[in-house]
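Structural description and commentary
The residues making up each chain are set out below.
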Amino acid sequence: MSAAVESMSSCARCGKPANLQCPKCMELKLPREGAAFCSQDCFKASWSSHKSVHQKAKLASLGTGNPAEQNSASSNEGWLYCLKKGQTRTPKMPYFDWTGTLRPYPISSKRMVPDHIDLPDWAIDGIPKIEPNSDLQHVVEIKTPEQIERMTETCRIAREVLDAAARVIRPGVTTDEIDRVVHEATITADEDIHLHSIITFSRSLAARRSVNEVICHGIPDARKLEDGDIVNVDVTVNYKGVHGDLNETYFVGEVDEASRRLVQCTYECLEKAISIVKPGVRFREIGEVINRHATMSGFSVVKSYCGHGIGELFHCAPNIPHYARNKAVGVMKAGQTFTIEPMINTGVWRDRMWPDGWTVVTADGKRSAQFEHTLLVTETGVEVLTARLPSSPNMFPWLKA
């Protein structure tokens, strides 16, 4: 709290004379009315409701300014194109035999994470250090009740962060701005609950954005979303030493019927796969269920990327292929946690990678969609740890029926 109120105001909570002001409101240059408090106690007691003022102010700032101003701001901030998984930057668009109409745009500087937040070993360069040599790459871990409790909490935070991103998706918003919302929502979650190990991996692996023909791992950049686009936002949160991972594909404005069918089919593929999860089911069966529904709908299933075990490690056993006749080994047991995240294409299933070393696109330039949940196998079935909340925005027309 700052003693920065120039004239006496009334406390936003109790109405008493107040000469303290919320420092975040001052930073955002919000009016003193509603931001003044008589004491630290009143400020703390009001925080749960008062913080919404900050988020609304940030969201209101999205999309402001004309294109010339935005382009000028971008050049002044040193926006560059990404190469070699972010290890190299260039001011010129790289040469590539692009498969579709989408092109990369410059990306902003890496977002800073407060020093008090603990980073996983791969947060800086995207390369895990412990994960590749862990025994959990070969053995599917049965989580303890304590681990499950931590994962449940982490996955709920991840869901809330993804929902924050969903609320700002509209034509004219850049994917970099969506990434900023994700980053700030995650940092805000840390401030709200007074815990110190939350992070999303901006400009590294998550929050990823994948537009139109991008299958997965798209990097947030300066491109503005256009009416008719589809965009996938993939969020990973690390909290209390465990990970929560989910993604959804959203419509931008009014999309064509083919895109609607693709996105709804992908959503249904995930739901049908989740419905068979229970102890005793073979992991390979997931791919059979997804492939059957996708192909019957006229779409193809990406084979190069799969779901994965998750917990204290971001990626571990089991591998969860989404296509038919796969060779995944093992059966489901209570206490296991893993993701299912089908990537469904309008055209061929094959993919190519952009020069940035991350962005995976369809080989024929046609559209792709994806949905993902983190799941816990229970004694009687499955719990979707990243399930939609009552407060989640309803972005999908088929859920309104």
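Model, not experiment: these values are computed from the prediction. (Residues numbered from 1 in each chain as written. Predicted model: local features only at pLDDT ≥ 70, side-chain atom pairs only at ≥ 80, totals over all residues. Heavy atoms only, no water.)

A closer look at the overall build of the protein chain
A count of helical and extended segments in the protein chain gives seven helices and 20 strands. Counting all 401 residues of the protein chain, 51% fall into the buried class. Taking the intrachain contacts of the protein chain between residues at least 6 apart in sequence as the baseline, contacts between residues at least 24 apart amount to 69%. For the protein chain, the exposed surface amounts to about 18200 Å²; the carbon and sulfur share of it is 52%. (Helix = DSSP H or I, 4+ residues; strand = E, 2+ residues; numbered from the N terminus. Buried < 20%, exposed > 50% of the residue type's maximum accessible area, 1.4 Å probe, protein only. Contact = heavy atoms within 4.5 Å. Areas by Shrake-Rupley, 256 points an atom, 1.4 Å probe, with all protein chains shown as cover.)

Describing the pattern of salt bridges
Taken as a whole and judged by the stated rule, the model has 16 salt bridges. A salt bridge links Glu153 to Lys240; the shortest N-O distance between them is 3.2 Å. Taken as a pair, Glu153 in helix H4 (residues 145-166) and Lys240 in the loop between strand S9 (230-239) and strand S10 (242-251) lie far apart in primary sequence, 87 residues in all. According to the relative accessible area criterion, Glu153 is partly exposed, its value standing at 31%. Via salt bridges that share partners, Arg159, Asp163, Glu248 and Arg388 belong to a single interconnected network. (Salt bridge = Lys/Arg side-chain N within 4 Å of Asp/Glu carboxyl O.)

Brief notes about the nonpolar core
Membership of the largest hydrophobic core comes to 61 residues, with the highest contact counts inside it found for Phe338 and Ile340. It is helix H6 (residues 257-275) that contributes the most residues to this core, eight residues altogether. One finds Cys11, Ala18, Cys42 and Phe43 within the second-largest nonpolar core, a separate group that totals 10 residues. (Core = buried A, V, L, I, M, F, W, Y, C linked by side-chain atoms within 4.5 Å.)

Section: helix H7 (residues 284-296)
The first and last C-alpha atoms of H7 sit 19 Å apart over 13 residues, in line with the 18 Å expected at 1.5 Å per residue. Those residues of H7 that sit buried are Ile286, Gly287, Val289, Ile290, Asn291, His293 and Ala294. Against the buried residues of H7 lie H6, strand S11 (300-301), strand S13 (316-320), strand S14 (337-340) and strand S15 (343-345). (Expected span 1.5 Å × (residues − 1).)

Examining the sheet that holds strand S16 (residues 351-353)
A sheet is described by the order of its strands in space; here three strands give the open sequence S8-S17-S16, paired in antiparallel fashion. Each having just a single partner strand, strand S8 (214-216) and S16 make up the two edges of the open sheet. Each adjacent strand pair in this sheet contributes to an overall mean axis angle of 40 degrees, direction not counted. Bridge count between S16 and strand S17 (residues 360-362): three bridges; the pairing is antiparallel. Its bridge partner lying in S17, Met353 is registered against Val360. (Pairing = 2+ DSSP bridges. Axes fitted to C-alpha atoms, helices over the stretch in contact; angles between N-to-C directions.)

Thoughts on the sheet that holds S11
With respect to topology, three strands assemble into an open sheet ordered S11-S15-S18, the strand pairing being antiparallel. Looking at which strands have only one partner, the edges of the open sheet turn out to be S11 and strand S18 (368-370). Against the sheet, H6 touches S15 and S18, its axis set at about 35 degrees to S18.

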